[in-house]
Amino acid sequence: MIPSAAGANEEIKQSEKLLADLRSNRARSTGLSQAGRDAELRSAQEDRVRIAKENQALRAQVQFLEQRVKAQTEAANSGLITRDQVQTTAQELERAKGSLIANQAQEAQISAR
């Protein structure tokens, strides 16, 4: 049995509509994928900037605390302050160094994306 021309034309129209819908879905999907990737790149860039600023502040804090420990050590040796005060500042210094190391690792991880 040979299909009628009208039936064949209807099938062609349905196939063309399906193809147009599929193309539309592909374009929408591609757009969403690109928008997601763009957002991810912006987020990574913002993270890099934030971490760079934090690292700069931490480096300044480390430098300040190193000088403070040195000055406090001299003051403790002269009997002007207690060793506990020097120890407290030294602990602050170690925390700042630890934070700097952690941030540098996070910065490297973000750069690797």
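The paragraphs below set out a description of the structure included in this document. Fair warning: this is a prediction, and the values are worked out from it, not measured in the lab. What you see as residue numbers is a count from 1 along each chain, following the sequence as written. Where local features are concerned, this predicted model is filtered to residues with pLDDT of at least 70; where side-chain atom pairs are given and counted, the filter is 80 or more; whole-chain, interface and lining totals use all residues. Excluded from the side-chain calculation are hydrogens and water; included are all heavy atoms of the structure.

1. Topic: the packing of helix α1 (residues 5-77) against helix α2 (residues 83-111)
- Fitted lines through C-alpha atoms serve as axes, helices being fitted only where they are in contact, and the angles separating the N-to-C directions of these axes extend from 0 to 180 degrees. Every helix listed is a DSSP run of H or I at least four residues long, and every strand listed is a run of E at least two residues long, numbered separately from the N terminus. One can describe the packing of α1 onto α2 by two numbers: an axis separation of 8 Å at closest approach and a directional angle of 160°. The orientation of α1 with respect to α2, classified from their angle, is roughly antiparallel. Crossing angle aside, the handedness with which α1 passes α2 is left-handed.
- Residues are grouped as follows: nonpolar covers Ala, Val, Leu, Ile, Met, Phe, Trp, Tyr, Cys and Pro; charged covers Asp, Glu, Lys and Arg; every other residue, Gly included, is treated as polar. For the contact of α1 with α2, the per-class residue count stands at 14 nonpolar, 12 polar and 11 charged. Our angle categories are set so that under 35 degrees counts as roughly parallel, over 145 as roughly antiparallel, 65 to 115 as roughly perpendicular, and the remainder as oblique. Handedness of a crossing is defined here by the sense of rotation of the near helix relative to the far one, left-handed for an anticlockwise turn of less than a right angle and right-handed for a clockwise turn.

2. Observations regarding the environment of Glu74
- Residue placement: Glu74 occurs in helix α1.
- When the C-alpha atoms of Glu74 and Val86 are compared, they prove to be 9.6 Å apart, with 12 residues separating the residues in sequence.

3. Considering α1
- Under the convention used throughout, the expected extent of a helix is 1.5 Å for every residue step, that is, one less than its residue count. Counted at 1.5 Å a residue, the expected span for α1 with its 73 residues is 108 Å, and the 106 Å between its end C-alpha atoms agrees.
- Summary of the burial criterion: residues with accessible area below 20% of their type's maximum are buried, those above 50% are exposed, and those between are partly exposed, where the area comes from a 1.4 Å probe applied to protein chains only. Listing the buried residues of α1 in full gives Ala44, Asp47, Ile51, Asn55, Leu58, Val62, Leu65, Val69, Gln72, Ala75 and Ala76.
- Any two residues whose heavy atoms approach within 4.5 Å are treated as being in contact. Buried-residue contacts for α1 involve α2.

4. What about α2?
- With 29 residues, α2 ought to run about 42 Å at 1.5 Å a step, and its terminal C-alpha atoms sit 42 Å apart, in line with that.
- Those residues of α2 that sit buried are Val86, Thr89, Leu93, Ala96, Leu100, Asn103 and Ile110.

5. Topic: the pattern of salt bridges
- For this document, the term salt bridge refers to a Lys or Arg side-chain nitrogen within 4 Å of an Asp or Glu carboxyl oxygen. For the coordinates displayed, the defined rule picks out six salt bridges.
- Two residues, Lys17 and Asp21, come together in a salt bridge whose shortest N-O distance is 3.2 Å. With Lys17 and Asp21 both in helix α1 and four residues apart, this pair spans about one turn of that helix.
- The partly exposed category is assigned to Asp21, whose relative accessible area is 35%.
- Put simply, Arg37 and Glu40 hold a salt bridge, and the shortest N to O gap is 3.3 Å. Remark: Glu40 and Arg37 occur in helix α1; sequence separation between them is three residues, near one turn of the helix.
- Taken together, the shared-partner salt bridges connect Asp47, Arg50 and Glu54 into one network.

Geometry only, nothing functional implied.
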